[in-house]
Amino acid sequence: MTQYLDMPDYRLAYVHTPGKGPTVVFLSGYKSDMEGTKAVHLEAWAKARGRAFLRLDYSGHGQSGGTFEEGCIGDWAADAQAVIEHATSGPLILVGSSMGGWIASLLTQRLKDVRGFVGIAAAPDFTEDGFWAGFSEAERSEVMETGVVYLPSAYGDPYAVTRKLIEDGRENLVLRSPLPMPFPVRLVQGTEDEAVTRETALRLLDHIDSPDLRLTFVKGADHRFSEPENLTHIETAILDVGG
C-alpha cells in the first residue's frame with residue numbers, strides 16, 4: 001500500500017515492507033518511479049525472504065507531488081533522505097539505479113547506518129559529464145538564458161534539462177574527490193548501456209574508498225538492466241553486501 005510523507009510544498013509517495021534488516025532501499029533513476037520493473041521485482045524478492053524493503057518516488061516523479069521541471073539532484077536526494085529517515089530505523093542497504101546511484105552515493109555520506117551499496121548502471125555527475133558536456137554551444141546558451149532545454153529521449157517524452165538541474169548538479173558532484181564507503185559495494189553495468197558509459201563505471205570504481213568493492217560488467221545488458229538474468233545479478237549483489 002502506498003503511503004505518503006507530507007513535506008512543506010508537496011507530499012512524497014513510498015511503499016515500505018516491514019521485515020528483518022538491514023532495510024533494502026531502492027532508489028530509481030531520472031524520470032523513473034517506484035513502479036519500475038527492478039523496484040517491484042526486488043520488493044517481491046525481499047518480501048519472500050522476510051526482508052524489510054523501501055521504494056519511493058522523488059518529488060515530480062510517479063505518485064509524489066511537485067513538478068519534475070522544478071526539481072534537481074539536491075532536492076531529490078533530500079526527498080529520499082526524508083522518506084528513509086521517516087519510514088525506516090536501523091541499518092540500510094542502498095540500491096541505486098542510474099541517477100539513483102548518484103543519489104545513493106550522496107546518501108552514503110549523510111545517513112547514519114549504511115551497511116552496503118549496490119549501484120545498477122550508476123550515473124553519478126551525469127548533469128555535468130553527460131548533459132552539459134554533450135551540449136552544443138547553442139544548447140548551453142539556451143539552458144542558461146531561458147532556463148530549460150529539451151532533449152530527445154529513448155524512453156518517451158523529451159527530457160527537460162533545466163538551468164537549476166545543471167547548477168545544482170555542480171554542487172553535488174561525487175567524482176571529483178574520494179568517496180568513503182566503509183562497507184561492501186557492488187557495481188553492475190551492462191556492456192550495451194546506451195546511457196551510461198563504461199568509463200563512468202570505472203571512474204566510480206576508482207573514486208569509492210571501500211574495503212570490499214567490485215564492478216561487474218554484464219555482456220549484452222542495456223541501461224534498463226531488467227531482464228530476468230539481470231535481476232538475478234542484482235539479487236546476488238544485494239546478498240554480497242550483506243542482504
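The rules we used
- Residues numbered from 1 in each chain as written.
- Predicted model: local features only at pLDDT ≥ 70, side-chain atom pairs only at ≥ 80, totals over all residues.
- Heavy atoms only, no water.
- Helix = DSSP H or I, 4+ residues; strand = E, 2+ residues; numbered from the N terminus.
- Rg over C-alpha atoms; globule rule 2.2 N^0.38 Å.
- Areas by Shrake-Rupley, 256 points an atom, 1.4 Å probe, with all protein chains shown as cover.
- Lys, Arg positive; Asp, Glu negative; His and termini not counted.
- Charge placed at Lys NZ, Arg CZ, Asp CG, Glu CD.
- Patch = residues over 30% accessible without salt bridge, like charges linked within 9 Å, V, L, I, M, F, W, Y side chains within 5 Å.
- Salt bridge = Lys/Arg side-chain N within 4 Å of Asp/Glu carboxyl O.
- Expected span 1.5 Å × (residues − 1).
- Buried < 20%, exposed > 50% of the residue type's maximum accessible area, 1.4 Å probe, protein only.
- Arc of directions from axis to C-beta.
- Contact = heavy atoms within 4.5 Å.
- Pairing = 2+ DSSP bridges.
- Axes fitted to C-alpha atoms, helices over the stretch in contact; angles between N-to-C directions.
- Parallel < 35°, antiparallel > 145°, perpendicular 65-115°, else oblique.
- Nonpolar A, V, L, I, M, F, W, Y, C, P; charged D, E, K, R; others polar.

Student: I keep staring at the overall build of the protein and nothing clicks. Help me out?
Tutor: Counting its regular elements, the protein contains 8 helices and 12 strands. The C-alpha radius of gyration computed for the protein amounts to 17 Å, which stays within 12% of the reference 18 Å derived for 243 residues, consistent with globular compactness. If one aligns the C-alpha atoms of the protein with their principal axes, the spans along those axes are about 50 × 40 × 30 Å. Summed over its atoms, the accessible surface of the protein is roughly 10,700 Å², and 48% of this surface lies on carbon and sulfur atoms. If the 22 positive side-chain charges of the protein are averaged to one point and the 35 negative ones to another, these points end up 6 Å apart.

Student: Got a minute to help me understand a negative patch on the surface in this structure?
Tutor: Residues E192, E194, D222, E227 and E229 make up a contiguous surface patch of negative charge. Mapped onto the secondary structure, E227 falls in the loop between β12 (213-218) and α8 (228-240).

Student: When you look at helix α1 (residues 37-48) in this model, what are you seeing that I'm missing?
Tutor: Residues lying three or four places apart along an α-helix face the same way, a consequence of the helix completing one turn every 3.6 residues. For α1, which comprises 12 residues, the first-to-last C-alpha distance of 17 Å matches the rise-based estimate of 16 Å (1.5 Å per residue) to within 8%. For α1, every residue scored as buried is listed here: K38, A39, L42, E43, W45 and A46. All buried residues of α1 lie within an arc of 165 degrees about the axis, which places them on one face of the element. Residues of α1 that are exposed and angled more than 90 degrees away from the buried face: K47 and A48. Elements in contact with the buried residues of α1: β2 (11-17), β3 (20-27), β4 (51-56), β5 (92-97), β6 (114-120) and α8. Immediately downstream of α1, the backbone of G50 shows phi near 70 degrees, a positive value.

Student: Any chance you could explain the sheet that holds β2 here in plain terms?
Tutor: Two modes of strand pairing occur in sheets, parallel and antiparallel, and in both the strands are linked by backbone hydrogen bonds. Spatially, β1-β2-β4-β3-β5-β6-β10-β12 is the arrangement adopted by the 8 strands of the open sheet, whose pairing is mixed. A single partner strand is all that each edge strand has here, and the edge strands are β1 (3-6) and β12. Strand-to-strand, the axes of this sheet are offset by a mean angle of 20 degrees, without reference to chain direction. Alignment of β2 against β4, held across 4 bridges, turns out to be antiparallel. Of the residues in β4, the one forming a bridge with H16 is L54. Against the sheet, helix α7 (residues 198-207) engages β10 (185-190) and β12, with an angle of about 170 degrees to β12.

Student: I'm lost on the pattern of salt bridges in this one. Help?
Tutor: Pairs may arise between side chains of opposite charge once their charged atoms sit close together. Overall, the coordinates contain 12 salt bridges when judged by the stated rule. Between E43 and R55 there is a salt bridge whose closest N-O contact spans 2.9 Å. Taken together, the positions of E43 in helix α1 and R55 in strand β4 put the pair 12 residues apart, joining distant regions of the chain. We note that E43, like R55, is buried. Between R186 and D212 there is a salt bridge, with its nearest N and O atoms 3.1 Å apart. Pair noted here: R186 is in strand β10 and D212 is in the loop between β11 (208-209) and β12, with a separation of 26 residues, a long-range link. Looking at D212, the relative accessible area reads 25%, which means it is partly exposed. Taken together, the salt bridges that share partners define one network made up of D125, D129, R176 and R203.

Student: Just to check I follow, could you spell out the packing of helix α4 (residues 126-134) against helix α6 (residues 163-171) for this structure?
Tutor: The description of two packed helices rests on the angle between their axes and on the distance between the axes. Between α4 and α6, whose axes approach to 8 Å, the crossing angle comes to 140 degrees. By the angle between their axes, α4 is oblique relative to α6. Residues T127, E128, F131 and W132 of α4 touch α6, and the partners they reach there are L165, I166, G169 and R170. Of the residues assigned to the contact of α4 with α6, the class counts are 4 nonpolar, 2 polar and 2 charged.

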